[in-house]
2 protein chains.
Amino acid sequence: MVSKSQIKLITSLQQKKYRDKTGLFVAEGPKVIAELREAGLNLHSLFSTEAVSGSSETFFSVTELELQKISFLKTANTSLALFEIPKQIAMPQQGLVLALDAVRDPGNLGTIIRLCDWFGVTQLVCSVDTADCYNPKVIQATMGSIARIQVSYCDLESYIKNSKIPVYGACMEGVNVYAHTWAANGILVMGNEANGISEGISKLLHEKITIAQFGKKQEAESLNVATATAILLSEFRRSTER
Amino acid sequence: MVSKSQIKLITSLQQKKYRDKTGLFVAEGPKVIAELREAGLNLHSLFSTEAVSGSSETFFSVTELELQKISFLKTANTSLALFEIPKQIAMPQQGLVLALDAVRDPGNLGTIIRLCDWFGVTQLVCSVDTADCYNPKVIQATMGSIARIQVSYCDLESYIKNSKIPVYGACMEGVNVYAHTWAANGILVMGNEANGISEGISKLLHEKITIAQFGKKQEAESLNVATATAILLSEFRRSTER
């Protein structure tokens, strides 16, 4: 059974302001939910069409119809859970820190979080105008990787100003990434889908890095921010781990 | 003005069977349309809310409302065009040929075409069960890159059997890509989003290539096929062009 107030709560969590207000976010599907629980996130409530056991204050058996009503997916999975948004903790700057400057598309953010997980980059720092990582679309796109990546939101310009490690930025005109020497500790900034890295942050970069283009006519406009991130994280690992 | 029969024709082109039947596909937005025309594709008809000049059999001035009616986008751009699907021409096997084995998602295919354009990989060979590159979602996702890439559909297994150059495949268990030596001419196979490379094609591979995983717990499930393609094309260029 899902009560009216539960439906109202869950539906409201599509919007960031209600996620901020309640400190909760939605995850769907047994795999994503299991990964978040394994990672130690606090489960608030779980709605499932399959048999569930546990405290009746947390676990709710629902029909498929009820689940479809609260699901954000076109076709609901077998379960939907609410989790508490983890508290932001102090951020050590070790290894590579990935920083996003106004990456707006939830799909891109989700893909980037999954990439961070693959390449063992555990710290992702986002400007406040980057997409919210607890947006349902991001949660689903990360395929559970969100559980293992520490995502922080802050004034990115101040964060970079106060950092004591090299700051790299992905730009259209910079050093060829294949010739670039990475420090073991550093910050890599990826910019907005349409406008790239903002002017204020661009000034703070120690080095601009470019992914060389090989198309004969050099007409390809730019790489998508998620695919560019894939290439740069791969390059960081290739050149620092061997 | 858009006639009823034009509306019917354009709407039908969302489906592959009507694209096959008519030999036409839809592209939207002045930038994409301009790139396709520059690349020499035959324009069948153009509908625009802006002033257009030219033959009255090809160019049609429309209102915003009319354009929204024929557009496949949530918010229509200023123009929509029908182009003739280019004839498939014989495929030389030079440089790197990218082969897709049942990549189903139009967004992934679009991103991969854009990546091919960036990295100067001009030949993309797809199994017949790969998403159709003239699907409107693919056309929009390529950002015009489709104009510069030669996409062919064929029985991928026969194609690979008859090829005389090395065939590489992206797999979960293979040679670390950073240690892999690429031939100047070769075929790189990327597999289906859920199942990877099919069994039949897997047997034909000369070498399996893996993108090393660095996450501590090795729990990240896999990379998205588009981000994996980004990393492998970058690696091919890095190691063969220097």
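Scroll up to find the structure.
First, a word on what this report is: a plain description of the structure on this page. Here the residue index of a chain counts from 1 through its sequence in written order. Key to labels: chains lettered from A, ligands numbered from 1, both in the order written. A pLDDT threshold of at least 70 governs which residues receive local features in this predicted model, and a stricter bar of 80 or more applies before side-chain atom pairs are shown or counted, although totals over entire chains, interfaces and linings include all residues. Think of the side-chain values as coming from all heavy atoms in the structure, minus any hydrogens and water.

1. Examining the side chain of Thr 130 of chain A
Residues and elements named next belong to chain A. Along the chain, Thr 130 falls in the loop between strand 6 (123–127) and helix 6 (136–141). Looking at Thr 130, the relative accessible area reads 6%, which means it is buried. In protein, a polar contact means a hydrogen-donor-capable atom and an acceptor-capable atom, both N or O and within 3.5 Å, with residues adjacent in sequence counting only if both atoms are side-chain atoms; elsewhere, any N or O pair within 3.5 Å suffices. Polar side-chain contacts of Thr 130 include one of 3.2 Å to the backbone oxygen of Leu 100. Apart from residues lying up to four places away in sequence, Thr 130 is in contact with Leu 100, Asp 101, Ala 102, Val 103 and Tyr 153. Runs of H or I in DSSP of at least four residues are treated as helices and runs of E of at least two as strands, each being numbered from the N terminus. The cut-offs for exposure are 20% and 50% of the maximum accessible area for each residue type, with area from a 1.4 Å probe on protein chains only; residues under the lower value are buried, those over the upper are exposed, and the others partly exposed. Residue contacts follow a heavy-atom distance rule, with two residues in contact if any of their heavy atoms lie within 4.5 Å.

2. Notes on the packing of helix 9 (residues 225–241) of chain A against helix 9 (residues 225–241) of chain B
Here an axis means a line fitted to C-alpha atoms, over the contact stretch when the element is a helix, while the angle between two N-to-C directions is reported on a 0 to 180 degree scale. Running from N to C, helix 9 of chain A and helix 9 of chain B cross one another at 55°; their axes reach a closest spacing of 8 Å. One way to sum up the angle between helix 9 of chain A and helix 9 of chain B is to call them oblique. Like other packed secondary-structure pairs, helix 9 of chain A and helix 9 of chain B cross with a definite hand, here right-handed. In this structure, helix 9 of chain A contributes Ala 226, Thr 227, Ala 230, Ile 231, Ser 234, Glu 235 and Arg 238 of chain A to the contact, and helix 9 of chain B contributes Ala 226, Thr 227, Ala 230, Ile 231, Ser 234, Glu 235 and Arg 238 of chain B. When its residues are assigned to classes, the contact of helix 9 of chain A with helix 9 of chain B shows 6 nonpolar, 4 polar and 4 charged. Orientation is classified from the angle alone, with under 35 degrees giving roughly parallel, over 145 giving roughly antiparallel, 65 to 115 giving roughly perpendicular, and any other angle giving oblique. Each crossing gets its hand from how the near helix is turned against the far one by less than a right angle, where anticlockwise is left-handed and clockwise is right-handed. Residue polarity follows a fixed list, in which Ala, Val, Leu, Ile, Met, Phe, Trp, Tyr, Cys and Pro are nonpolar, Asp, Glu, Lys and Arg are charged, and the others, Gly among them, are polar.

3. Thoughts on the pairing of strand 7 (residues 150–154) of chain B
Residues and elements named next belong to chain B. For two strands to pair, DSSP has to find at least two bridges joining them. The sheet contact formed by strand 6 (residues 123–127) and strand 7 spans 5 bridges and is parallel. In the sheet register, Cys 126 faces strand 7, and the bridge partner there is Tyr 153. Assignment of crossover handedness uses the view with strands pointing away from the viewer, where a clockwise path from the first strand over the helix to the second indicates a right-handed crossover. Read from strand 6 through helix 6 (residues 136–141) to strand 7, the crossover connection turns out right-handed.

4. Thoughts on the pattern of salt bridges
All names here are of chain A. Think of a salt bridge as a Lys or Arg side-chain nitrogen and an Asp or Glu carboxyl oxygen that are within 4 Å of each other. Enumeration over the complete set of coordinates arrives at 16 salt bridges over all chains. Between Asp 129 and Arg 104 there is a salt bridge, and its shortest N-O distance comes to 3.9 Å. Within this pair, whereas Asp 129 is found in the loop between strand 6 and helix 6, its partner Arg 104 is found in the loop between strand 5 (96–100) and helix 5 (106–118), the two being separated by 25 residues in sequence. Look at Asp 129 and you get partly exposed, because its relative accessible area is 35%.

5. Digging into the pairing of strand 9 (residues 186–190) of chain A
All names here are of chain A. Of all 5 residues making up strand 9, 5 are buried, and the element is well covered by its neighbours. Of the two faces of strand 9, both are covered, the one formed by Gly 186, Leu 188 and Met 190 as well as the one formed by Ile 187 and Val 189. Two strands pair when backbone bridges link them, and strand 5 and strand 9 are joined in this way by 5 bridges, in the parallel orientation. If you follow Leu 100 over to strand 9, its bridge partner there is Met 190.

6. Some thoughts on a positive patch on the surface
For patch detection, residues must exceed 30% relative accessible area and be free of salt bridges, and they are connected within 9 Å for like charges or within 5 Å for nonpolar side chains (Val, Leu, Ile, Met, Phe, Trp, Tyr). Accessible surface area values rest on a Shrake-Rupley calculation with a 1.4 Å probe, where residue burial reflects the displayed protein chains alone. Counted charges follow a simple rule, with Lys and Arg positive, Asp and Glu negative, and His plus the chain ends left uncounted. Charged groups are reduced to one reference atom each: NZ for lysine, CZ for arginine, CG for aspartic acid, CD for glutamic acid. A contiguous patch of positive charge, built from Lys 74 and Lys 137 of chain A together with Lys 74 and Lys 137 of chain B, is present on the exposed surface. In this structure, Lys 137 of chain B sits in helix 6.

Function cannot be inferred from these measures alone, as they are strictly geometric.
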